[in-house]
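# Residue-level structural notes
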Amino acid sequence: MKKMRVNFKFCLWLVLAAVFVLGLSNESSANEAPVAPGIALAKQAKPEEKGSTVDHSKLKQLDKNFKSGDEITKACLECHTEADHQFKKTYHWTWKDPKSEGGKGADSVNNFCISANNMEDPLCIKCHPGWNGKKGEVNCLSCHGQEKFDFAEAFKDIQDVSAVGDKESIEIVKGIQDDVKKAAQDVGAVRRRNCGDCHFKGGGGDGVKHGDLDTSLLKPSRELDVHMGIDGENFDCTRCHTTTSHNIAGRFYGTPAEGRHKSLMDDDQISRISCESCHSATPHKPGVKANDHTDKVACQSCHIPTFARELPTKMYWDWSASGKLKDGKYYSEDGPYGKHTYDTKKGDFVWGKDVVPEYYWYNGTMTDTTVNDIIDPSKPVKLRWPIGTPNAKDSRIFPFKVHVGKQPYDLKGKNFLAPLVSGPKDYWKTLDWEDAFTRGMATLGKTWSGEYGFVDTKYAFPTTHMVVPGENALSCTECHTPANGRLANIEGVYIPGRDRLGYLGYLGWFIILASLAGVLIHAAIRIASSKRRD
Amino acid sequence: MSEHKMINVYFFSRFERLAHWLQMLLIFTLILTGFEVHGTYALFGYNAAVKIHNSAAIAWIVMFWLFLFWVLTTGEWKHYIPTTKKVFEVVMYYSYGIFIGQAHPVKKCKDAKHNPLQRIVYLVVATIILPIQISTGLLYLLYNSWEGLGLGFLSLRMIAFLHVAGAVIIISFAIVHVYMTTTGHTPMAHIMAMITGWEEVEECAEIEEWETK
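Residues numbered from 1 in each chain as written. Chains lettered and ligands numbered in written order. Predicted model: local features only at pLDDT ≥ 70, side-chain atom pairs only at ≥ 80, totals over all residues. Heavy atoms only, no water.

## Details of the overall build of chain B
Counting its regular elements, chain B contains seven helices and two strands. Going residue by residue from the N terminus, the α and β elements of chain B occur as β-α-α-α-α-α-α-β-α. Over its C-alpha atoms, taken along the principal directions, chain B stretches across nearly 65 × 35 × 30 Å. Expressed as a percentage of its 213 residues, the buried residues of chain B come to 42%. For chain B, restricting intrachain contacts to residue pairs at least 6 apart in sequence, the fraction spanning at least 24 positions comes to 70%. (Helix = DSSP H or I, 4+ residues; strand = E, 2+ residues; numbered from the N terminus. Buried < 20%, exposed > 50% of the residue type's maximum accessible area, 1.4 Å probe, protein only. Contact = heavy atoms within 4.5 Å.)

## What to know about the overall build of chain A
A count of helical and extended segments in chain A gives 14 helices and 14 strands. Relative to the globule expectation of 24 Å for 534 residues, the C-alpha radius of gyration of chain A, 31 Å, shows a markedly less compact shape. Taking the principal axes of its C-alpha atoms as reference, chain A extends roughly 125 × 60 × 40 Å. Counting every position in chain A, which comprises 534 residues, the buried fraction comes to 43%. Summarising the internal contacts of chain A: among those between residues at least 6 apart in sequence, 71% fall at separations of at least 24. With the model as given, the accessible surface of chain A reaches about 27,800 Å², and the carbon-plus-sulfur share is 56%. Side chains of chain A give 71 positive and 69 negative charges; the mean places of these two sets differ by 8 Å. (Rg over C-alpha atoms; globule rule 2.2 N^0.38 Å. Areas by Shrake-Rupley, 256 points an atom, 1.4 Å probe, with all protein chains shown as cover. Lys, Arg positive; Asp, Glu negative; His and termini not counted. Charge placed at Lys NZ, Arg CZ, Asp CG, Glu CD.)

## Digging into a nonpolar patch on the surface
Residues and elements named next belong to chain B. Where nonpolar side chains cluster on the molecular surface, the patch consists of Trp 21, Met 24, Leu 25, Met 188, Met 192 and Ile 195 and spans about 540 Å² of accessible area. The set of elements that each furnish at least two residues to the nonpolar patch consists of helix H1 (14–37) and helix H6 (189–196). The biggest single contributor to the nonpolar patch is H1, with three residues. Relative to the helices and strands, Met 192 is located in helix H6. When its relative accessible area of 36% is taken as the criterion, Met 192 is described as partly exposed. (Patch = residues over 30% accessible without salt bridge, like charges linked within 9 Å, V, L, I, M, F, W, Y side chains within 5 Å. Salt bridge = Lys/Arg side-chain N within 4 Å of Asp/Glu carboxyl O.)

## Topic: the packing of aromatic side chains
The tally for this structure, following the rule as stated, stands at 36 aromatic pairs over all chains. Ring geometry for Phe 11 of chain B against Phe 12 of chain B: centres 6.2 Å apart, planes inclined by 45°, an arrangement best described as tilted. For the pair shown, Phe 11 of chain B and Phe 12 of chain B are each scored as buried. Each residue in the set Phe 112, Trp 317, Trp 319, Phe 349, Tyr 427, Trp 433, Phe 437, Trp 448, Tyr 452, Phe 454, Tyr 459 and Phe 461 of chain A is aromatic and connected to the rest through ring pairs, giving one cluster. Across the ring face of Phe 11 of chain B, the terminal group of Lys 108 of chain B is positioned such that the distance to the ring centre comes to 4.9 Å. (Phe/Tyr/Trp six-rings, centres within 6.5 Å; stacked < 30°, edge-to-face > 60°. Lys NZ or Arg CZ within 6 Å of the ring centre and 35° of its normal.)

## Observations concerning helix H7 (residues 151–164) of chain A
All names here are of chain A. Along its 14 residues, H7 runs 20 Å from first to last C-alpha, staying within 8% of the 20 Å computed at 1.5 Å per residue. Of the positions making up H7, those classed as buried are Phe 151, Ala 154, Phe 155, Ile 158 and Val 161. For H7, the angular spread of the buried residues around the axis is 140°, confining them to a single face. Exposed side chains of H7 directed beyond 90 degrees from the buried face belong to Ala 152, Gln 159, Ala 163 and Val 164. Turning to H7, the residues buried within the fold contact helix H3 (69–79), strand E1 (130–132), helix H6 (140–144) and helix H8 (167–185). The N-terminus of H7 is capped by Asp 150, whose side-chain oxygen sits 3.3 Å from the backbone nitrogen of Ala 152. Gly 165, located one to two residues past H7, shows a positive phi value of around 85°. (Expected span 1.5 Å × (residues − 1). Arc of directions from axis to C-beta. Polar contact = N/O pair within 3.5 Å; in protein donor to acceptor, adjacent residues only side chain to side chain.)

## Some words on unusual backbone geometry
Residue and element names in this part refer to chain A. Unlike most non-glycine residues, Tyr 337 shows phi in positive territory, near 65°. Note that Tyr 337 resides in the loop between strand E6 (332–334) and strand E7 (340–343). Given a relative accessible area of 43%, Tyr 337 falls into the partly exposed group. Notably, Lys 414 is not glycine yet its phi reads approximately 55°, a positive angle. Its location among the elements puts Lys 414 in the loop between strand E13 (396–410) and helix H12 (427–430).

## Thoughts on the nonpolar core
The biggest cluster of nonpolar side chains holds 29 residues, and the ones touching the most others in it are Trp 319, Phe 416 and Tyr 427 of chain A. Taken together, the elements giving at least two residues each to this core come down to strand E8 (347–352), strand E11 (381–384), H12, helix H13 (433–443) and strand E14 (452–462) of chain A. For Tyr 427 of chain A, the contacting residues outside a window of four places in its chain are Trp 319, Ser 322, Gly 323, Tyr 330, Lys 345, Leu 420, Val 421, Asp 432, Trp 433 and Ala 436 of chain A. Counting residues in hydrophobic clusters, the runner-up holds 26 residues, among them Phe 8 of chain A together with Leu 22, Tyr 122 and Ile 170 of chain B. (Core = buried A, V, L, I, M, F, W, Y, C linked by side-chain atoms within 4.5 Å.)

## Quick look at the interface of chain A and chain B
At the interface, 44 residues of chain A touch 44 residues of chain B. For the pairing of chain A and chain B, the buried interface totals around 4,000 Å² over both sides, and the portion due to carbon and sulfur atoms is 71%. Among the residues chain A hides against chain B, the three largest losses belong to Phe 8, Tyr 494 and Arg 526 of chain A. Together they make up 18% of the total. Between the two partners, chain A and chain B, sit two salt bridges. (Buried area = accessible area lost by both parts, 1.4 Å probe.)

## Points about the packing of helix H2 (residues 46–73) of chain B against helix H4 (residues 116–141) of chain B
Residue and element names in this part refer to chain B. Viewed as axis vectors pointing N to C, H2 and H4 meet at an angle of 140°, and their least axial separation amounts to 11 Å. Taken together, the axis directions place H2 and H4 in an arrangement best described as oblique. The interaxial crossing formed by H2 with H4 has left-handed handedness. Contact residues: H2 offers Asn 54, Ile 58, Trp 60, Ile 61 and Phe 64, while H4 offers Ala 126, Leu 130, Ile 134, Leu 138 and Leu 141. Considering only residue class, the contact of H2 with H4 consists of nine nonpolar, one polar and no charged. (Axes fitted to C-alpha atoms, helices over the stretch in contact; angles between N-to-C directions. Parallel < 35°, antiparallel > 145°, perpendicular 65-115°, else oblique. Left-handed = near helix turned anticlockwise from the far one by under 90°. Nonpolar A, V, L, I, M, F, W, Y, C, P; charged D, E, K, R; others polar.)

## With respect to the pattern of salt bridges
Oppositely charged side chains can pair when the atoms bearing their charge come close. Residue and element names in this part refer to chain A. One pass over the structure, following the stated rule, counts 21 salt bridges over all chains. We note a salt bridge from Asp 178 to Lys 174, for which the minimum N-O separation is 3.6 Å. Placement of both Asp 178 and Lys 174 in helix H8 is noted, with a separation of four residues, approximately one turn of the helix. Where Arg 193 meets Asp 197, a salt bridge forms, and the shortest distance between an N and an O atom there is 2.8 Å. With a gap of four residues between them, Arg 193 and Asp 197 both fall in helix H9 (residues 192–199), about one helical turn apart.

## Description of the domain arrangement of chain A
Taken domain by domain, chain A consists of domain 1 (205–475) and domain 2 (502–534). On a C-alpha basis, the centroid separation for the pair domain 1 of chain A and domain 2 of chain A is 59 Å. (Domains from an automatic or database assignment.)

## Digging into the environment of Asn 115 of chain B
Residue and element names in this part refer to chain B. Note that Asn 115 resides in the loop between helix H3 (87–95) and H4. Asn 115 sits 30 residues away from Lys 85 along the chain, and the two C-alpha atoms are 10.0 Å apart. A distance of 2.8 Å separates a polar side-chain atom of Asn 115 from the backbone nitrogen of Gln 118.

## Section: the side chain of Glu 16 of chain B
Residues and elements named next belong to chain B. Mapped onto the elements of the fold, Glu 16 is located in helix H1. Among the polar contacts made by the side chain of Glu 16, one reaches the side chain of Lys 113 at a distance of 2.8 Å. Residues within four places of Glu 16 in sequence aside, it is in contact with Phe 11, Phe 67, Trp 70, Glu 76, Tyr 80 and Lys 113.

## Thoughts on the confidence of the model for chain B
With 94% of its residues at a pLDDT of 70 or more, chain B has an overall mean of 88. Mean pLDDT across the elements of chain B bottoms out in helix H7 (residues 209–212) of chain B (62) and peaks in helix H5 (residues 156–180) of chain B (95). (pLDDT = per-residue confidence, 0-100.)

## Points about the packing of H1 of chain B against H5 of chain B
Residues and elements named next belong to chain B. Where H1 meets H5, the axes come as close as 11 Å, and the angle between the chain directions of the two elements is 130°. The orientation of H1 with respect to H5, classified from their angle, is oblique. As H1 packs across H5, the resulting crossing turns out to be left-handed. Each of His 20, Ile 27, Ile 31 and Phe 35 in H1 lies in contact with H5, whose residues at this interface are Val 164, Ala 167, Val 168, Ile 170, Ile 171 and His 177. Partitioned by chemical class, the residues of the contact of H1 with H5 number eight nonpolar, two polar and no charged.

Shown next as structure tokens:
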């Protein structure tokens, strides 16, 4: 028996030592691993091809004195024969989602400038990649021009100065034409600036719309965007937004950015648009609990703690306050971040910086609201809202910027109104809502009742850019906390540390406290009775 | 009171004592970190609490199996055979007799170191409560493999509830257990037995047959 005892004690120490050593070695090997598997995997992706086999300045097709944008595009098409056919089928040209039939080129409304009015709103159309709206040729240079150049102004100058006709003006025209030629020859792969000219400034200004896209991404630090940081990976937009026949990977309205969460590193043709395309579904080091989260929580939820971290973004726009004059004149008021909080043309604004996102279940698609939809004005209308089912395989908990607005609707028809705002006869010049509605609705082939009101609206943007370095990702307690956690409103999942057990929890406390009280009472009686017996 | 003389008996081997206190340490750690994970308070920090809880859990499961093996192979299992004999008397003793200085109805003997109530409680804890804790804990750890293991029907809420409920019962057990250790012939007698192995008890004249089976 004695021998047996010694053996067991030995076993016990052996087991404990083994557990201890295993635990330590596991920890240290995890620390020694230079990078997490998700990062190692991403690094295998084929490096971006920089450089070109063509020097466009040597092409005779481009050695011309161009008089219009269409002429430049025709020169491009002499070699790139299919480019325009390809491009005109894409969302960038049509502004219509092939799946939902919605889109800014169609009847969709937002709570910024409300509607593009079938592309008849002159300010909106500035971002359409054609020389002249939807008519005529594609403007190849809006995406492929390497340096920013105002062709419209140059062509107008050429026309105006040529009309003068004297010797000096001929010299000037020649100078401008040389500049145009140089700009037309200076073409190549798409750069950040090309995308950013529209996507950083959507909604009419820097950072207005998205919150995770603004000009701070032209030269961001690694802390602002680990992928695009000039001291980080220094990716261009096209590193993830891969392109097939001018179709650029990305999400629009009813179409998810990527239907499946897949990783095919050896297949260079895939779109790299989802995090998992490069980082896999279990990107963290083995044994790290975050790997167990990826079935429910999108990478973005932890890795983008806040958006608009450097430049502010618009969070609220109340059109109903617009139209006020001071001393008979238009005016504006400045607020925090040097941004307007009031503008006669537009109304009240609230800007936000370093904003904590809202979180919703999301399957990659969004609802879309058009001027044809009947709304319920008794509560805020969700103009565009994430679609997702708690716990569904295609859905994840995802971060969003939610822009709140107050915008006009038809009191009788209970549908949104689409005013024309930016043209010479439009609302910003006339401050006449009714005329702006009548002509605006006409661009969409619609009429209105003549009575309007304003309704609260919400417009959600998926937050996916401005990914922070891993060390700056969210800590557990941002969500695993009993009160006011980031996922306080998320239903369908049990979140340890957030979810209480209700009455059963009180029952638990009762059992524990009753046990304590029981032994204390028992002890008291024991002490009292033993004293009495003494 | 009693005419039997007091003798020193070696009840708990070094292995048993060591196993007992290590289990106590691990279970205490598990409770402390477990309720932080449950969100009852913040102490170590959530991430650290999860890591400590998982490591302590694995270590404790290994310990528990080793202890079970020891119980089964050394004949110690005889101390855990449940019986209904004298249970009522023991319950009556703790709820009344102890206050008026009665003798314990079942003596603590070398070959029968647990009274009938202890036998039942320890057996229930070891065969029902702890296995529930181990299985729900392992399921919690294996959460992402449920589908592959054909356990897709499970809900984390249910597993978490069972795990917390088990913890509550263990805490309640621990409170009463610690208190009961003070009910020996001196308040420290039982506790010292688990430290030194030795306890001064009344000599067992004869052990009843049902106790040693």
